[in-house]
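# A look at the structure
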Amino acid sequence: MKNLFLLFFVSIVWYSNAQHKCASQYLYEKKLQANPTAKEIHRNAEALMSNMLLHQVNENPKTNPTAAHKTNAVITIPVVVHVVYRTPSQNISEAQIREQIRVLNEDYRLKNPDSLPVSHPFWPYTADAQYEFCLATTDPNGNPTNGIIRSSTTTNGFDADVNGDDVKFTITGGQDNWDPHYYLNVWVCDLINGVLGYATFADQLDVDPQLDGIVVGYKYFGTGGVTVSPNNLGRTLTHEVGHWLGLYHPCETNCENDFVSDTPPCEQLNYGCPSFPRRPNNACGGDANGEMYMDFMDYVDDPCMNTFTYGQTVRMHNQQNTYRPDIATANKCVSTASINDEVKIKFSVYPNPSSDFIEIYLGNEQLFTNPTIEISDALGRKIYSSTFNNTNSLQIETATIANGSYIVSITDGTLQTSKPIYILH
Ligand SMILES: [Zn+2]
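Residues numbered from 1 in each chain as written. Predicted model: local features only at pLDDT ≥ 70, side-chain atom pairs only at ≥ 80, totals over all residues.

## A closer look at the overall build of the protein
- The secondary structure content of the protein amounts to seven helices and 13 strands.
- Across the 425 residues of the protein, 42% fall into the buried class. (Helix = DSSP H or I, 4+ residues; strand = E, 2+ residues; numbered from the N terminus. Buried ≥ 20, exposed ≤ 12 C-beta atoms within 10 Å, placed from the backbone.)

## Regarding the nonpolar core
- In this structure, V79, V186, V188, C189 and V216 are the most contacted members of the largest nonpolar core, which totals 77 residues.
- Examining the composition of this core, we find that seven residues originate from one element, strand β1 (residues 75–85), more than from any other.
- Setting aside anything within four residues of it in sequence, one finds V188 in contact with V81, V83, I92, V216, Y218 and F221.
- By size, the runner-up hydrophobic cluster in this structure holds nine residues, among which are I358, V408, I421 and I423. (Core = buried A, V, L, I, M, F, W, Y, C linked by C-beta atoms within 7 Å. Contact = placed C-beta atoms within 7 Å.)

## Some remarks on the packing of helix α4 (residues 94–107) against helix α5 (residues 235–244)
- The interhelical angle for the contact between α4 and α5, taken along N-to-C directions, is 60°, at an axis separation of 9 Å. Taken together, α4 and α5 sit at an angle that is classed as oblique. Considering only the axes of α4 and α5, their crossing is right-handed. For the pair formed by α4 and α5, the contact residues are Q100, V103, L104 and D107 on the first element and L237, T238 and V241 on the second.
- When grouped by side-chain class, the residues that make up the contact of α4 with α5 number four nonpolar, two polar and one charged. (Axes fitted to C-alpha atoms, helices over the stretch in contact; angles between N-to-C directions. Parallel < 35°, antiparallel > 145°, perpendicular 65-115°, else oblique. Left-handed = near helix turned anticlockwise from the far one by under 90°. Nonpolar A, V, L, I, M, F, W, Y, C, P; charged D, E, K, R; others polar.)

## Section: the environment of Q312
- If you trace the backbone, Q312 turns up in helix α6 (residues 310–323).
- Q312 sits in the buried class, given 30 other C-beta atoms within 10 Å.
- A sequence separation of 186 residues divides Q312 from T126, and the C-alpha atoms of the two residues are 9.4 Å apart.
- What Q312 contacts, discounting residues up to four positions off in sequence, is L247, V260 and T263.

## Regarding α5
- For α5, the buried fraction is high: 10 of the 10 residues fall into the buried class.
- Listed as buried for α5 are R235, T236, L237, T238, H239, E240, V241, G242, H243 and W244.
- At the C-terminal side of α5, G246 shows a positive phi close to 105°.

## Here's the deal with unusual backbone geometry
- Following S229, the chain continues to P230 via a peptide bond in cis, the omega torsion being 5°.
- Cis geometry is adopted by the peptide bond preceding P277, which originates at F276 and carries an omega value of -5°.
- Unusually for a residue other than glycine, N193 sits at a positive phi of about 65°.
- Among the structural elements, N193 can be located in the loop between β4 (184–189) and β5 (197–199).

## Concerning α4
- Look at α4: 20 Å from first C-alpha to last across 14 residues, which is about the 20 Å you get at 1.5 Å a residue.
- Residues of α4 that are buried: E94, Q96, I97, Q100, V103, L104 and D107.
- The secondary structure elements touched by the buried residues of α4 are β1, β2 (131–135), β3 (148–152), α5 and β12 (404–411). (Expected span 1.5 Å × (residues − 1).)

## A short note on the packing of helix α3 (residues 36–57) against α6
- The N-to-C vectors of α3 and α6 enclose an angle of 135°; their axes lie 9 Å apart at closest approach. Here α3 is positioned oblique relative to α6, judged by the angle of their axes. In this structure, α3 crosses over α6, and the sense of that crossing is right-handed. Contact residues: α3 offers M49, M52, L53, Q56 and V57, while α6 offers Y310, G311, V314, R315 and N318.
- Of the residues that constitute the contact of α3 with α6, the class distribution is six nonpolar, three polar and one charged.

## Focus: the sheet that holds strand β8 (residues 357–361)
- Strand order in the open sheet formed by three strands is β7-β8-β11, and the pairing between neighbours is antiparallel. Single-partner strands in this sheet number two, and they are β7 (348–350) and β11 (393–397). The mean angle between the axes of side-by-side strands here comes to 20°, regardless of whether they run parallel or antiparallel.
- The sheet contact formed by β7 and β8 spans three bridges and is antiparallel. Paired with Y350 across the strands is E359, a residue of β8. (Pairing = 2+ DSSP bridges.)

## Points about the environment of Y218
- If you trace the backbone, Y218 turns up in the loop between β6 (214–217) and α5.
- Given 24 C-beta atoms within 10 Å, Y218 falls into the buried group.
- Beyond its immediate stretch of four places on either side in the chain, Y218 contacts Q90, I92, V188, C189, D190 and V226.

## Some details on the pairing of β1
- For β1, the tally of buried residues reaches nine of 11 residues, placing the bulk of the element in the interior.
- The pairing of β1 with β2 spans five bridges and is classified as parallel. Looking across to β2, one finds that V79 is bridged to L135.
- Sheet topology places β1 next to β4; five bridges connect them, and they run parallel. When the bridges of β4 are listed, V81 appears paired with V186.
- When β1 meets β3, the two strands line up parallel, connected through five bridges.

## Examining the confidence of the model for the protein
- Per-residue pLDDT for the protein has a mean of 86; in total, 89% of the residues score no lower than 70.
- Confidence over residues 335–344 falls short of pLDDT 50; this stretch has 19 contacts with residues more than four positions distant or in other chains. (pLDDT = per-residue confidence, 0-100.)

Written out as structure tokens, the structure reads:
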């Protein structure tokens, strides 16, 4: 195995000479080169983790059915999407954003309809990564949110290698990130010079917390809307979340490894839409099945990537447990009430989506004392408030409310709960 020094040295040359869809490893190497101490710590941590991962990959239930298997709990990651736009088309629709969350949930649970068939030679290595994603419903101050924050900018394009991090700060025309220990921050903006996206790695969280997160070009985020083929199926973020959880590209060039033992040896990254087998018996020690070009961490077009390996999912959980432990219990996708309170505080909203009116029903066993109700828009602005006046139901006219998503919040000053609603005329 060659070490990361070589891997990243090659990466930095490659970035300047070839088409670069993703700038994550290039930017990572720049950071490490600027800090030799960090580089040494990083190299030692990789060596330790690689030994541990090799053992766990041997527990793949498909390739080693008799091994003892550890079952990971599915981890739900709250996502906040920072839309930073200069033109109306860059201010992507909520539908495009929700499509992106759907794609993540399919790809990270092996529910993507294009996953490899059982008959494919690489099928035994495919795995459910056991991560799920939701738009945050609670902001860092405990207030309801729909997980989408929009702001305009005068910056005419963000270049990953020049001014890309400007999008991560309000003072430089972007938006500050939310506490990255508890949220996956994703910025959607006009990313220029051919890069589709880039991510910070898991082990950078405590080094540069204010930079933590992922940047994706607005044309490559989600599906539909203003997305552009062949990167219009939401796989740019699937790939970048892999980096954010600690994965490398299967190889950049010259057979470098990715510290995952069940991704087959590969000569270099793959583009377009190759056919199987790709580079059989390659110079890096590959067999007749060749390279796993359909891996989400390779560079093929969106319609042609569909796979995480078992070893990659093991690495993601190890990296996340080590460097991002708090995200597993962040619990930012549920009501602002505590989990126990949420069980007791039931209220219903009907119809949802709604057009002319909604009916709020508190139920017969509601625990509120003289509750008030508020409806706020995506920017947290209050557009309606009322009290229940000793009743347990309330009808609210919504005919004059614009299409979009809103949050209904009910509180009596002690208990609070909320739900998203959708207005569609
Ligand atoms: Zn990448």
